[in-house]
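Per-entry structural report
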Amino acid sequence: MPLTVPENATPSPTTHEVATPDRRPILFLISALVIAFDRLTKIWIVHHIAPGFSIKIIPGVFRLTHVLNTGAAFSMMEDWRADYVRIGLISFSAVAAILVFALMWRAGRTITLTSVALALILGGALGNLYDRVVLHHVVDFLAVNIYHYRWPDFNMADSCIVIGACLLLLEILKPDKTTD
């Protein structure tokens, strides 16, 4: 006697679909670790280096500084009216964090280059957003000189945002294996 399946029955999930756990908690953990590491490094800087001062780590190349950045990334808009810049940057950062969160939620069922990149960007965005909301400035403390070029001071949150953006760029530029 043949086995028949009713027409309105939904097919059961394949073994692969059942066996694949949701990896979003790991990605949110990555974001939380970025936030924690960012906060801890900024707290250390605030307690060990006075604003405007620095500690040489590699002479002529790398210093730890204490900069109170009221502008945007790399101290852009620092000369603009502070309350407008702060409100604008808080608004932009909050919207960006929500968008990245939504993208990570959609892409985060598995660990991919894209999902890890989004986790890093989300953690970095929330780390700097915290500073802007609570401190009214972002604490920057990493100063790099390459030959005669002085890179604007930055922090761990900025680093994670840039690393995440580079990972996304790599993912975009990666050759598609299905077109072979």
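A quick note: this is a predicted structure, and the numbers were derived from the prediction, not measured.

What counts as what
Residues numbered from 1 in each chain as written. Predicted model: local features only at pLDDT ≥ 70, side-chain atom pairs only at ≥ 80, totals over all residues. Heavy atoms only, no water. Pairing = 2+ DSSP bridges. Helix = DSSP H or I, 4+ residues; strand = E, 2+ residues; numbered from the N terminus. Contact = heavy atoms within 4.5 Å. Axes fitted to C-alpha atoms, helices over the stretch in contact; angles between N-to-C directions. pLDDT = per-residue confidence, 0-100. Phe/Tyr/Trp six-rings, centres within 6.5 Å; stacked < 30°, edge-to-face > 60°. Buried < 20%, exposed > 50% of the residue type's maximum accessible area, 1.4 Å probe, protein only. Lys NZ or Arg CZ within 6 Å of the ring centre and 35° of its normal.

**With respect to the sheet that holds strand β2 (residues 62-69)**
With antiparallel pairing, the 4 strands of this open sheet are ordered in space as β1-β2-β3-β4. Since the sheet does not close on itself, it has two edges, and those belong to β1 (54-58) and β4 (149-150), each with one partner. Note: strand β3 (residues 138-146) against β4, 2 bridges, orientation antiparallel. By the bridge assignment, Asn145 is partnered in β4 with Arg150. Taken strand by strand, helix α4 (residues 113-135) contacts β2 and β3, and its axis lies near 130° from that of β3.

**Focus: the confidence of the model for the protein chain**
Averaged over the protein chain, the pLDDT score is 88; the fraction of residues at 70 or greater is 84%. Predicted confidence in the protein chain is weakest over helix α1 (residues 15-19), with a mean pLDDT of 55, and strongest over helix α2 (residues 24-48), with 97.

**A closer look at the packing of aromatic side chains**
All chains considered together, the criterion is met by 4 aromatic pairs. Centroid distance Phe101 to Trp105: 6.2 Å. Interplanar angle 20°. Geometry classified as stacked. Taken as a pair, Phe101 and Trp105 lie in helix α3 (residues 82-107) at a separation of 4 residues, close to a single helical turn. For Trp105, a relative accessible area of 43% corresponds to the partly exposed category. Among the aromatic residues, ring-to-ring pairing joins Phe28, Phe101 and Trp105 into one connected group. One Lys or Arg, Arg24, reaches over the ring of Trp105 and ends 3.7 Å from the middle of that ring.

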